[in-house]
Amino acid sequence: VQLQASGGGLVQAGASLRLSCAASGRTFSNYGMGWFRQAPGKDREFVAGVNWSGGRTYYADSVKGRFTISRDNAKNTVYLQMNSLKPEDTAVYYCAAAGDGIIYVIPAPYNSWGQGTQVTVSS
């Protein structure tokens, strides 16, 4: 499956952004989807994940209560709604797909990745 992430930008602390990840090429509803992020000089870290049906979600503690992941299998798209953004949320955000439909919190099981979208939060 091919993934195209979009929606990043430069915002002030406390603002909101919604990231989108459009999929093409395979049956999107078979895939577990994750959002990861990577700040300069840091490892790529898990942000949020959703299983194949959308019935299960999982979040990193650092974003729980502020970010919401969702998917629309009819539109082959996964979303990340980010509210109450903080400067420490600044990173390149990547969407990823896992072929067995499960949520993983580490990058290795994901076999498709989007190109990344920059999110910058100013204080």
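A few points on the structure. (Residues numbered from 1 in each chain as written. Predicted model: local features only at pLDDT ≥ 70, side-chain atom pairs only at ≥ 80, totals over all residues. Heavy atoms only, no water.)

**With respect to the pairing of strand β9 (residues 91-98)**
Strand residues, when the strand is regular, have side chains that alternate between the two faces of the sheet. Taking burial as the measure, the 8 residues of β9 include 7 buried ones, the bulk of the element. Summarising the sheet, strand β4 (residues 32-38) and β9 pair through 7 bridges and their orientation is antiparallel. Its bridge partner being in β9, Trp35 is matched across the sheet by Cys95. With 2 bridges joining them, β9 and strand β10 (residues 112-113) adopt antiparallel strand pairing. Along β10, the bridge assignment pairs Ala96 with Trp113. (Buried < 20%, exposed > 50% of the residue type's maximum accessible area, 1.4 Å probe, protein only. Helix = DSSP H or I, 4+ residues; strand = E, 2+ residues; numbered from the N terminus. Pairing = 2+ DSSP bridges.)

**Notes on the packing of aromatic side chains**
Within the structure shown, the criterion is met by 6 aromatic pairs. An angle of 85° between the planes, with centres 6.2 Å apart, marks the rings of Tyr104 and Tyr110 as edge-to-face. The ring of Trp113 carries the charged tip of Arg44 above its face, separated from the ring centre by 4.8 Å. Lying over the aromatic face of Phe28, Arg71 brings its terminal NZ or CZ to 4.4 Å of the ring centre. (Phe/Tyr/Trp six-rings, centres within 6.5 Å; stacked < 30°, edge-to-face > 60°. Lys NZ or Arg CZ within 6 Å of the ring centre and 35° of its normal.)

**Structural notes on the state of the cysteines**
Throughout the structure, instances matching the rule amount to 1 disulfide. Each sulfur of the disulfide joining Cys21 and Cys95 lies 2.1 Å from the other. Between Cys21 and Cys95, the S-S dihedral sits near 65°, and the bridge is therefore right-handed. Of this pair, Cys21 sits in strand β3 (residues 17-24) while Cys95 sits in strand β9, and the two are 74 residues apart along the sequence. Per residue, the accessibility class of Cys21 equals that of Cys95, and both read buried. (Disulfide = S-S within 2.5 Å.)

**Points about the side chain of Thr77**
Within the secondary structure, Thr77 is located in strand β8 (residues 77-82). A distance of 2.8 Å separates the side chain of Thr77 from the backbone oxygen of Lys75, its partner in a polar contact. Discounting residues that sit within four places of it in the chain, Thr77 has contacts with Ser20, Cys21, Ala22, Phe28, Arg71 and Asp72. (Polar contact = N/O pair within 3.5 Å; in protein donor to acceptor, adjacent residues only side chain to side chain. Contact = heavy atoms within 4.5 Å.)

**Some words on the environment of Asn111**
Here Asn111 is to be found in the loop between β9 and β10. Taking the C-alpha atoms as reference points, Asn111 and Gly99, 12 residues apart in sequence, are found 7.0 Å from one another. Setting aside residues up to four positions removed in sequence, Asn111 forms contacts with Tyr31, Ala97, Ala98 and Gly99.

**As for unusual backbone geometry**
Phi is positive for Asn76, close to 55°, though the residue is something other than glycine. Within the secondary structure, Asn76 is located in the loop between β7 (67-72) and β8. Classification of Asn76 as partly exposed rests on a relative accessible area of 27%. Positioned with a positive phi, Ser84 is a non-glycine residue whose angle comes to about 50°. Among the structural elements, Ser84 can be located in the loop between β8 and β9.

Geometric values such as these leave the question of function open.
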